[in-house]
Amino acid sequence: MALTRRSVLGAGACSLLPGVTLADVNNLLAPRWFGHAEVEERARRLAQRPHEPPGRRVPQSIGALDFDAWREIRFRPEASLFEKASGRFRLQAFHLGHLFKRPVRLNLVKGDTAAPIAYSPADFDYGHHVFDPPLPPDLGHAGWRMNYPLNTPGVFDELISFIGSSYFRVLGRGQVYGLSARGLSIGTGRLDNNEEFPFFREFWFRMPEEGADPALDRLIFYALLDSPSVAGAYAFELHPGEVSRIDVKATLFARRRIDDIGIAPLTSMYFIGENDRHYNDRNRYDDYRPEMHDSDGLQLHLADGRWLWRPLRNPQIQELSYFHTTDIRGFGLMQRDRLFSNYQDIDLAYQARPSYWIEPKGDWGPGRVELVELATRDETADNIVAAWLPADPVEPDRPVTFAYTLHAGADFASMPPLGRVRHTFTAPVGALGAVREQRHHGSRRFLVDFSGGPLDAYANRPEALQVHVVTKGGKTIRSFLTPNPQLPGVRAIIDVKGINGETIFMEASLRTGETALTETWSYRWKVE
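Residues numbered from 1 in each chain as written. Predicted model: local features only at pLDDT ≥ 70, side-chain atom pairs only at ≥ 80, totals over all residues. Heavy atoms only, no water.

(A) Spatial organisation of the overall build of the chain. Secondary structure assignment for the chain yields five helices and 33 strands. Put simply, the chain has 528 residues, and 52% of those count as buried. Across the chain, contacts joining residues at least 24 apart in sequence account for 68% of those joining residues at least 6 apart. Summed over its atoms, the accessible surface of the chain is roughly 24900 Å², and 51% of this surface lies on carbon and sulfur atoms. (Helix = DSSP H or I, 4+ residues; strand = E, 2+ residues; numbered from the N terminus. Buried < 20%, exposed > 50% of the residue type's maximum accessible area, 1.4 Å probe, protein only. Contact = heavy atoms within 4.5 Å. Areas by Shrake-Rupley, 256 points an atom, 1.4 Å probe, with all protein chains shown as cover.)

Pasting the structure below:
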């Protein structure tokens, strides 16, 4: 006899069919939900077929729109999905056009079924645009965003958006958009202009879960990813708040062997900052703003418990940095500098850009965090990428699953629970005008400010501290400490020397005896 819901229910409450366990009964009687398993099956079948590039082109009338003209097409708030069914989440779609020419499918999940969310011109305000011929009725959408009263009750701010390849952005309370996350990256570090950009081709949304306490609000949705090399099934669980949290589960099915796949990639912009002033002939700038960046450092929590802080740079030519470890505990692109006076940009509000912190779940095994820093001449280009690259390649017929939590927020002061790097400055070795202080050819001075955590007890007595410096590719000329009462904290001054054209890699931390009191400052400098 086949085991079905009908046969189980017909057997009565007091007895079970022969060979049927209580677990079988519970599994059958449990509500059936469309979920990650269904998307996994779609991704598995998709990977078994050759990749098919999008065959349909968007009408030329919207494909030719520039950014400002495309942005004029706005979704009508009264057409938002979930507006009546839920109190706080409001789903809106982006219109195709400009750079966004590949339609994505949107679906609403109810129980074990999914129904498409159809495109309708009535959902959009086209501003002054009049399209002749009219746009096709089955045009589709470019992506989506979710609005939510993140900052003020009753005011529906944009909380998260997915548009373009596998890019998405999410905010915590009091922030404005800056860096982006991505579903997957392939070949980013090759720097050969052959990077592959996987694409989220379809989404499924569960009805939002809300209660009297907004702290318990959550949104669950799924996505199907596709590219020439891989298909993937993604499950997302979003919890908005002061620091918004997204739990991500990704199962990947490779079409070919992939050696350089990037897990939980983050993309940001760093043009100019306190440690990279561009005082050179090739990259001069003329602007009133002292700093321009969405992120100012890469933070790492390694398997051995060490915390690293790597200030970002806008290099003369593109640079790659690797941080090898096993079972990475966390990494992220962070915006630590929160003072408006250091940016002076009223409109762009760089001081309010979020930090993204990736916290792996389970065993990610051996691999490396790869940091890509590209040269840029202005602040419009995303020139920073960080991602986890597993040591083992992803092979066809061997699906792999990664799970992690992305934290989006401004205040990560408790990470690490040690003294933190507050500032990084560079200068010629020796004080300006100091005749007696020798200047070494191929030398540079680095000034690193530390403060907070257990270091507070030593701020006024740096003689109890030691600066531990490690250099590779060069040598340390000298290092010493001095109090910095403005933080309050301690400033480490490190002079290094190397061979012209070579790169010096440096690490520094503050200790008392064998006890580390700070995170490790990590930096690279090409001798000129």
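(B) The side chain of Asn 275, seen in detail. Structurally, Asn 275 is set in the loop between strand S16 (270–272) and strand S17 (292–293). At 2.9 Å, the side chain of Asn 275 and the backbone oxygen of Leu 312 are in polar contact. Asn 275 has contacts with Tyr 270, Pro 311, Leu 312, Arg 313, Thr 424, Thr 426 and Tyr 523, leaving out every residue within four places of it along the chain. (Polar contact = N/O pair within 3.5 Å; in protein donor to acceptor, adjacent residues only side chain to side chain.)

(C) Seen up close, the nonpolar core. In this structure, Trp 144, Ile 160, Phe 221, Tyr 234, Phe 236, Phe 331 and Trp 364 are the most contacted members of the largest nonpolar core, which totals 85 residues. In terms of residue count, strand S14 (residues 244–254) provides more of this core than any other element does, five residues in total. The residues contacting Trp 144, other than those within four sequence positions of it, are Leu 91, Gln 92, Ala 93, Phe 94, Leu 106, Ile 160, Ser 161, Phe 162, Phe 203, Phe 205 and Phe 221. (Core = buried A, V, L, I, M, F, W, Y, C linked by side-chain atoms within 4.5 Å.)

(D) View of the packing of aromatic side chains. Per the counting criterion, the structure on display carries 36 aromatic pairs. Seen in terms of ring centroids, Trp 144 and Phe 162 are 5.0 Å apart; in terms of plane orientation they differ by 10°. Their pairing is stacked. Taken together, the positions of Trp 144 in strand S6 (residues 143–148) and Phe 162 in strand S7 (residues 157–163) put the pair 18 residues apart, joining distant regions of the chain. Both residues of the pair, Trp 144 and Phe 162, belong to the buried class. Members of the aromatic cluster, each reached through a chain of ring pairs, are Trp 144, Phe 162, Phe 168, Phe 200, Phe 203, Phe 205, Phe 221, Tyr 234 and Phe 236. The ring of Phe 156 has Arg 90 lying over it, and the distance from NZ or CZ to the ring centre is 3.9 Å. Directly above the aromatic system of Trp 309 lies the positively charged group of Arg 336, at a separation of 3.7 Å from the ring centroid. (Phe/Tyr/Trp six-rings, centres within 6.5 Å; stacked < 30°, edge-to-face > 60°. Lys NZ or Arg CZ within 6 Å of the ring centre and 35° of its normal.)

(E) Inspection of the environment of Pro 198 at higher detail. Tracing the backbone shows Pro 198 in the loop between strand S10 (185–186) and strand S11 (199–206). Along the backbone, Pro 198 and Ser 165 are 33 residues apart, and their C-alpha atoms lie at a distance of 5.9 Å. In contact with Pro 198, other than residues within four places in its own chain, are Ser 165, Ser 166, Leu 184, Ile 186, Leu 225, Asp 226 and Ser 227.

(F) Examining the pattern of salt bridges more closely. One pass over the full model with this rule turns up 31 salt bridges. For Arg 245, the salt bridge goes to Asp 247, with nearest N and O atoms at 3.7 Å. The shortest N-O distance in the salt bridge between Arg 313 and Glu 319 comes to 2.9 Å. Through salt bridges with shared partners, one network takes in Asp 287, Arg 289, Asp 345 and Glu 379. (Salt bridge = Lys/Arg side-chain N within 4 Å of Asp/Glu carboxyl O.)

(G) Broad picture of the environment of Arg 56. By the secondary structure assignment, Arg 56 is in the loop between helix H3 (36–47) and helix H4 (60–63). Sequence separation between Arg 56 and Leu 139 is 83 residues, and the spatial gap between their C-alpha atoms is 9.8 Å. Once residues lying within four places of it in the same chain are set aside, the contact partners of Arg 56 are Pro 136, Asp 138 and Leu 139.

(H) The sheet that holds strand S27 (residues 443–451), seen in detail. What the four strands build is an open sheet, ordered S26-S27-S30-S29; its pairing is antiparallel. Edge positions in the open sheet fall to strand S26 (420–427) and strand S29 (475–484), since each of these has one partner strand only. Taking the axes of each pair of neighbouring strands and ignoring which way they run, one obtains an average angle of 20° across the sheet. Where S26 lies against S27, seven bridges are found, and the strand directions are antiparallel. By the bridge assignment, Thr 424 is partnered in S27 with Val 448. (Pairing = 2+ DSSP bridges. Axes fitted to C-alpha atoms, helices over the stretch in contact; angles between N-to-C directions.)

(I) Just the pairing of strand S30 (residues 489–497), in detail. The buried count for S30 comes to seven of nine residues, which makes it a mostly enclosed element. In this structure, S27 lies alongside S30, joined through eight bridges in antiparallel fashion. Bridge pairing links Arg 444 to Val 496 in S30. Pairing of S29 with S30, which is carried by nine bridges, proceeds in the antiparallel orientation. Across the sheet, Pro 483 pairs through a bridge with Val 490, a residue of S30. Counted along the chain from S29 to the antiparallel partner S30, the turn is four residues long.

(J) Broad picture of the environment of Pro 417. Turning to its location among the elements, Pro 417 is positioned in the loop between strand S25 (400–409) and S26. Here Pro 417 falls in the exposed class, since its relative accessible area comes to 61%. Linking Pro 417 and Leu 517, residues 100 residues apart in sequence, is a C-alpha distance of 9.2 Å. When residues no more than four places from it in sequence are discounted, the contact partners of Pro 417 are Trp 307 and Pro 454.

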